[in-house]
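Observations on the model geometry
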Amino acid sequence: MKEYKMRRGEHLEDRIPDMKTTVEEYFGTITGTEEFKGSDLYVVGEPDNPVFERIIVGAVQYSGKKDKLAVEFHERDPTELGPDELEAAGDAVNAKNDFLLEATGRDAKSRRESLKRSVEDDPDHDF
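Residues numbered from 1 in each chain as written. Predicted model: local features only at pLDDT ≥ 70, side-chain atom pairs only at ≥ 80, totals over all residues. Heavy atoms only, no water.

**Overview of the side chain of Asn49**
Here Asn49 is to be found in the loop between strand E3 (39-44) and strand E4 (52-60). Apart from the residues lying within four places of it in its own chain, the contact partners of Asn49 are Ala88, Asp91 and Ala92. (Helix = DSSP H or I, 4+ residues; strand = E, 2+ residues; numbered from the N terminus. Contact = heavy atoms within 4.5 Å.)

Structure follows, in structure tokens:
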């Protein structure tokens, strides 16, 4: 599960006031919920895009801190995809990036840089 911060001064609930509707617009019908760090996240058990097997997404609330977006994309093995499904792979990447941009206000490059900094700043992480 990956957790994403919002841009400085922004909050997840301001960027995406209705998480359930937004998730369904990007990925498909929500089939349930799953607990993660004390928060209930939405589960899309049968995503619209055939590249995805399952998606877990939602806001993780922290006491005294801003909420973070938690996302886990379960994708099918590319070797198992047929020609039509391979064409959907580009749409899957776009859906992920567009959703994360809308939710966090950060594009893929700035999300990567932020992730790199957080790993470098983590003294408990073994390399």
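**Remarks on the sheet that holds strand E2 (residues 32-36)**
Taken together, the five strands give an open sheet; going across it, the order is E1-E5-E4-E3-E2, and neighbouring strands pair in antiparallel fashion. Every interior strand has two partners, whereas the edge strands, strand E1 (2-4) and E2, have only one. Strand-to-strand twist in this sheet, taken as the mean axis angle between neighbours without regard to direction, amounts to 30 degrees. Pairing of E2 with E3 involves five bridges; the strand directions are antiparallel. Opposite Gly32, over in E3, you have Val43 as the bridge partner. The strands touched by helix H2 (residues 19-27) are E3, E4 and strand E5 (68-75); relative to E4, the strand with the most contacts, the crossing angle is about 155 degrees. Here helix H3 (residues 83-104) sits on the sheet and contacts E1, E4 and E5; the angle it forms with E5, its principal contact strand, is near 175 degrees. (Pairing = 2+ DSSP bridges. Axes fitted to C-alpha atoms, helices over the stretch in contact; angles between N-to-C directions.)

**With respect to the side chain of Ser39**
As for its placement among the helices and strands, Ser39 is situated in strand E3. With sequence-adjacent residues up to four places away left out, Ser39 is seen in contact with Glu34, Ala59, Val60 and Gln61.

**Looking at the packing of H2 against H3**
A pair of packed helices is captured by two measures, namely the crossing angle of their axes and the spacing between those axes. Here H2 crosses H3 at 160 degrees, and the two axes come no closer than 10 Å. The orientation of H2 with respect to H3, classified from their angle, is roughly antiparallel. Note on packing geometry: the crossing formed by H2 with H3 is right-handed. Of H3, the residues touching H2 (which contributes Met19, Thr22, Val23, Tyr26 and Phe27) are Ala95, Lys96, Asp98, Phe99 and Glu102. Grouping the amino acids of the contact of H2 with H3 by side-chain chemistry returns six nonpolar, one polar and three charged. (Parallel < 35°, antiparallel > 145°, perpendicular 65-115°, else oblique. Left-handed = near helix turned anticlockwise from the far one by under 90°. Nonpolar A, V, L, I, M, F, W, Y, C, P; charged D, E, K, R; others polar.)

**Re a negative patch on the surface**
On the surface, a cluster of negative charge is contributed by Asp18, Glu24, Glu25, Asp98 and Glu102. For the negative patch, the secondary structure elements donating two or more residues are H2 and H3. In this fold, Asp18 is placed in the loop between helix H1 (12-15) and H2. (Patch = residues over 30% accessible without salt bridge, like charges linked within 9 Å, V, L, I, M, F, W, Y side chains within 5 Å. Areas by Shrake-Rupley, 256 points an atom, 1.4 Å probe, with all protein chains shown as cover. Salt bridge = Lys/Arg side-chain N within 4 Å of Asp/Glu carboxyl O. Lys, Arg positive; Asp, Glu negative; His and termini not counted. Charge placed at Lys NZ, Arg CZ, Asp CG, Glu CD.)

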